[in-house]
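# Analysis of the macromolecular model
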Amino acid sequence: MKNRSSDQDDRRPAGSLAQATGACLAAAALLSPVAHAQEDPLLPIPVGFVHLTDVAQTVRLDIRYHGSANFMGRPAAGYDAPTCILTEPAARRLLAVQREVRPQGLTLKVFDCYRPQRAVTDFVAWTRDAADQKTKAEYFPGVDKAALLELGYIAERSGHSRGSTVDLTLAALEPETASALPVRGPLLAGGEVDMGTPFDLFDVKSHTDNPDLPEAVRHNRRFLKELMARHGFRNLPEEWWHYTLDEEPYPDTYFNFPVR
């Protein structure tokens, strides 16, 4: 989930007028470090962005910030639908990843994709509410909530807002065939591969190459990291689930249109 700004970490509009509108939105967004919100629900997402399931229909989605299964325990601002939006190059690369793993009995399972700047601002505001500790045991048991900003777990900008970062894991297509999969250890609920920690755990155990985890978990994390690297994604070392496209098209722009 990390929001560090240093993280380097087709649904197309119908008709020429809609295309021109989308192009203007994208161009306007690039004029400032943080793109303006797209408020009109009738307008398409900006040109250059797609819904992942329009490109890679078989990828599973579990968009955590649309619901309450996340570190805030509630939906984040700007997540109006449980969908994954990415830049088209990132979505196309994920399609290639999915095509590689499906014959091996696996599928990608995505937790988060493009994240509006308004959601990041919501995260920061949440860290300042000392009274709200309801998710501490599950997501930050060893960290003082007030220190999440200082430690870099949450920051005022996120690579996700540039549109080419994705949080994901692997899951079995058919959990009953676990013994034949290229990953190790028993599967988790829903057929997820065991990666050692839950998504968004603020802890050193979430560091991708943490040496103190069971060998099966370290194997599974290496498998995912090498798989994603073959398709042009780099991992954020502090989070085993976090990957950014190497050649992201908007490396300096933080968008703010809602997820819908």
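Quantities reported herein were computed from a predicted structural model and do not represent experimental measurements. (Residues numbered from 1 in each chain as written. Predicted model: local features only at pLDDT ≥ 70, side-chain atom pairs only at ≥ 80, totals over all residues. Heavy atoms only, no water.)

Turning to the pairing of strand S4 (residues 106-112), a few remarks are in order. Strand residues, when the strand is regular, have side chains that alternate between the two faces of the sheet. In terms of residue burial, S4 counts as a mostly covered element, since seven of its seven residues are buried. Bridge analysis of strand S2 (residues 60-61) against S4 gives two bridges, and the strand direction is parallel. Directly across from arginine 60, in S4, lies its bridge partner lysine 109. Across six bridges, the pairing between S4 and strand S5 (residues 165-172) is antiparallel. Note on S5: the bridge partner recorded for valine 110 is leucine 168. (Buried < 20%, exposed > 50% of the residue type's maximum accessible area, 1.4 Å probe, protein only. Helix = DSSP H or I, 4+ residues; strand = E, 2+ residues; numbered from the N terminus. Pairing = 2+ DSSP bridges.)

As a further point, take helix H4 (residues 117-127). Counting buried positions along H4 gives eight out of 11 residues, so the element sits mostly inside the fold. Of the residues making up H4, those classed as buried are Gln117, Ala119, Val120, Asp122, Phe123, Val124, Trp126 and Thr127.

With burial as the criterion, each face of strand S7 (residues 242-245) is covered, one bearing His242 and Thr244 and the other bearing Tyr243 and Leu245. Bridging between S5 and S7 involves three bridges; their strand directions are antiparallel. Looking across to S7, one finds that valine 166 is bridged to tyrosine 243. In terms of strand pairing, strand S6 (residues 233-235) meets S7 through three bridges, oriented antiparallel. Paired with arginine 234 across the bridge in S7 is threonine 244. Adjacent in sequence and paired antiparallel, S6 and S7 are bridged by six residues.

A few words now on the environment of aspartate 112. Looking at the element boundaries, aspartate 112 is found in strand S4. The class of aspartate 112 is buried, set by a relative accessible area of 1%. A distance of 2.8 Å separates polar atoms of two side chains, one belonging to aspartate 112 and the other to tyrosine 79. (Polar contact = N/O pair within 3.5 Å; in protein donor to acceptor, adjacent residues only side chain to side chain.)

So, about the sheet that holds S6. Ordered in space as S2-S4-S5-S7-S6, the five strands form an open sheet in which the pairing is mixed. Both edges of this open sheet fall to S2 and S6, since each of them pairs with a single strand only. Where helix H6 (residues 215-230) meets the sheet, its contacts fall on S4, S5, S6 and S7, and the angle it forms with S5 comes to roughly 125°. (Contact = heavy atoms within 4.5 Å. Axes fitted to C-alpha atoms, helices over the stretch in contact; angles between N-to-C directions.)

With that settled, consider the packing of helix H3 (residues 88-101) against H6. One way to put it is that H3 packs onto H6 with a least axis distance of 9 Å and a crossing angle of 125°. With respect to their mutual orientation, H3 and H6 come out oblique. For the crossing formed where H3 meets H6, the hand is right-handed. Listed contacts from H6 to Leu94, Val97, Glu100 and Val101 of H3 are Leu227, Met228 and Arg230. Counted by class, the contact of H3 with H6 contains five nonpolar, no polar and two charged residues. (Parallel < 35°, antiparallel > 145°, perpendicular 65-115°, else oblique. Left-handed = near helix turned anticlockwise from the far one by under 90°. Nonpolar A, V, L, I, M, F, W, Y, C, P; charged D, E, K, R; others polar.)

With that settled, consider the confidence of the model for the chain. Chain-level pLDDT for the chain is 88 on average; 83% of the residues reach the 70-or-more range. Predicted confidence for residues 4-33 stays below pLDDT 50, and this span has 62 contacts to residues more than four positions away or in other chains. (pLDDT = per-residue confidence, 0-100.)

This next bit is on H3. With 14 residues, H3 ought to run about 20 Å at 1.5 Å a step, and its terminal C-alpha atoms sit 20 Å apart, in line with that. Taken as a whole, H3 has its buried residues at Ala90, Ala91, Leu94, Leu95, Val97, Gln98 and Val101. Across the axial projection of H3, the buried residues extend over an arc of 160°, all falling on one side. (Expected span 1.5 Å × (residues − 1). Arc of directions from axis to C-beta.)

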